[in-house]
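# Fold and contact review
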Amino acid sequence: MDADRERRQEIDNMILGLLGMVEEYQRVREASGQLAKQAYFDLTLARRSAGYRWISADLYSGRAQAVATTTIDSETGELSGAVERRPTQRTEKGKTVDDDPVLWFGMLVPPKLKDAQSGFVAMLDQLAHLAQLRQRIARQQQRVQSALDQIESTI
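Computed from a prediction, not measured in an experiment: that's the story for all the values here. (Residues numbered from 1 in each chain as written. Predicted model: local features only at pLDDT ≥ 70, side-chain atom pairs only at ≥ 80, totals over all residues. Heavy atoms only, no water.)

## Comments concerning the overall build of the chain
- Counting its regular elements, the chain contains two helices and four strands.
- The order of helices and strands in the chain, counted from the N terminus, is α-β-β-β-β-α.
- Relative to its 155 residues, the chain shows a buried fraction of 24%.
- Expressed as a percentage of contacts within the chain between residues at least 6 apart in sequence, the contacts between residues at least 24 apart total 68%.
- Working note: accessible area of the chain is about 11,300 Å², and carbon and sulfur atoms make up 53% of it. (Helix = DSSP H or I, 4+ residues; strand = E, 2+ residues; numbered from the N terminus. Buried < 20%, exposed > 50% of the residue type's maximum accessible area, 1.4 Å probe, protein only. Contact = heavy atoms within 4.5 Å. Areas by Shrake-Rupley, 256 points an atom, 1.4 Å probe, with all protein chains shown as cover.)

And the structure:
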């Protein structure tokens, strides 16, 4: 009887932990939504200040690469959570080549364009955190379900 009570208390604690993770997931999701909204707004302001013909999808280069990335561990399938900025590349002559996509639009780009870029990079960090939380929530749900199944089988 006492062991059964302890087991139920353990399940209650697991469920409380799960609800805490869901609350954090919702908070981070809302924050990433705000970051996305601000980044798109900054992009719109940059297009307005520079002129709509100077910042458009027509000017994107075919050699576009991500400025920031995150990695997934091949063994566990989990995200590293770290957002890494791509390093500048060195040419044969020793010069550094900055493949920053913002510079495709000229040397004197609107400050809001750089703000938009940093907002999207920050959003990538939040999205990686969301993916990690989602994995943790799924694992915790499996633990709770297996614990409930064990109690159900003993009844």
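That covers the picture; the talk isn't over yet.
## Quick look at the nonpolar core
- Grouped together as the largest cluster of nonpolar side chains are seven residues: Leu18, Met21, Tyr25, Val28, Leu130, Leu133 and Ile137.
- Beyond its immediate stretch of four places on either side in the chain, valine 28 contacts Gln126, His129, Leu130 and Leu133. (Core = buried A, V, L, I, M, F, W, Y, C linked by side-chain atoms within 4.5 Å.)

## Remarks on the pattern of salt bridges
- Within this structure, the stated rule accounts for four salt bridges.
- A salt bridge links arginine 8 to aspartate 4; the nearest nitrogen and oxygen atoms lie 3.4 Å apart. Taken together, the residues span about one helical turn, with arginine 8 and aspartate 4 both in helix 1 (residues 2–50) at a distance of four residues.
- Between glutamate 24 and arginine 27 there is a salt bridge; the shortest N-O distance is 3.9 Å. With glutamate 24 and arginine 27 both in helix 1 and three residues apart, this pair spans about one turn of that helix.
- Of the residues examined, arginine 27 reaches a relative accessible area of 52% and is grouped as exposed. (Salt bridge = Lys/Arg side-chain N within 4 Å of Asp/Glu carboxyl O.)

## Digging into helix 1
- Look at helix 1: 72 Å from first C-alpha to last across 49 residues, which is about the 72 Å you get at 1.5 Å a residue.
- Buried positions along helix 1 lie against helix 2 (111–154).
- Just past helix 1, the residue glycine 51 takes up positive phi, approximately 105°. (Expected span 1.5 Å × (residues − 1).)

## Side note on a nonpolar patch on the surface
- On the surface, Ile15, Leu16 and Leu19 cluster together into a nonpolar patch covering about 280 Å² of accessible area.
- Of note, leucine 19 is situated in helix 1. (Patch = residues over 30% accessible without salt bridge, like charges linked within 9 Å, V, L, I, M, F, W, Y side chains within 5 Å.)

## As for the packing of helix 1 against helix 2
- Here helix 1 crosses helix 2 at 160°, and the two axes come no closer than 8 Å. In terms of orientation, helix 1 lies roughly antiparallel with respect to helix 2. Our pair here, helix 1 against helix 2, has a crossing hand that is left-handed.
- Residues belonging to the contact of helix 1 with helix 2 are distributed by class as follows: 29 nonpolar, seven polar and ten charged. (Axes fitted to C-alpha atoms, helices over the stretch in contact; angles between N-to-C directions. Parallel < 35°, antiparallel > 145°, perpendicular 65-115°, else oblique. Left-handed = near helix turned anticlockwise from the far one by under 90°. Nonpolar A, V, L, I, M, F, W, Y, C, P; charged D, E, K, R; others polar.)

## Here's the deal with the confidence of the model for the chain
- Per-chain confidence: the chain averages 81 in pLDDT, with 73% of residues scoring 70 or above.
- Within the chain, helix 1 carries the highest mean pLDDT (92), whereas strand 3 (residues 89–90) carries the lowest (59). (pLDDT = per-residue confidence, 0-100.)

## Notes on the side chain of aspartate 42
- Along the chain, aspartate 42 turns up in helix 1.
- Among the residues examined, aspartate 42 registers a relative accessible area of 5% and is labelled buried.
- Ignoring sequence-local partners within four residues, the contact set of aspartate 42 consists of Lys112, Asp115 and Ala116.

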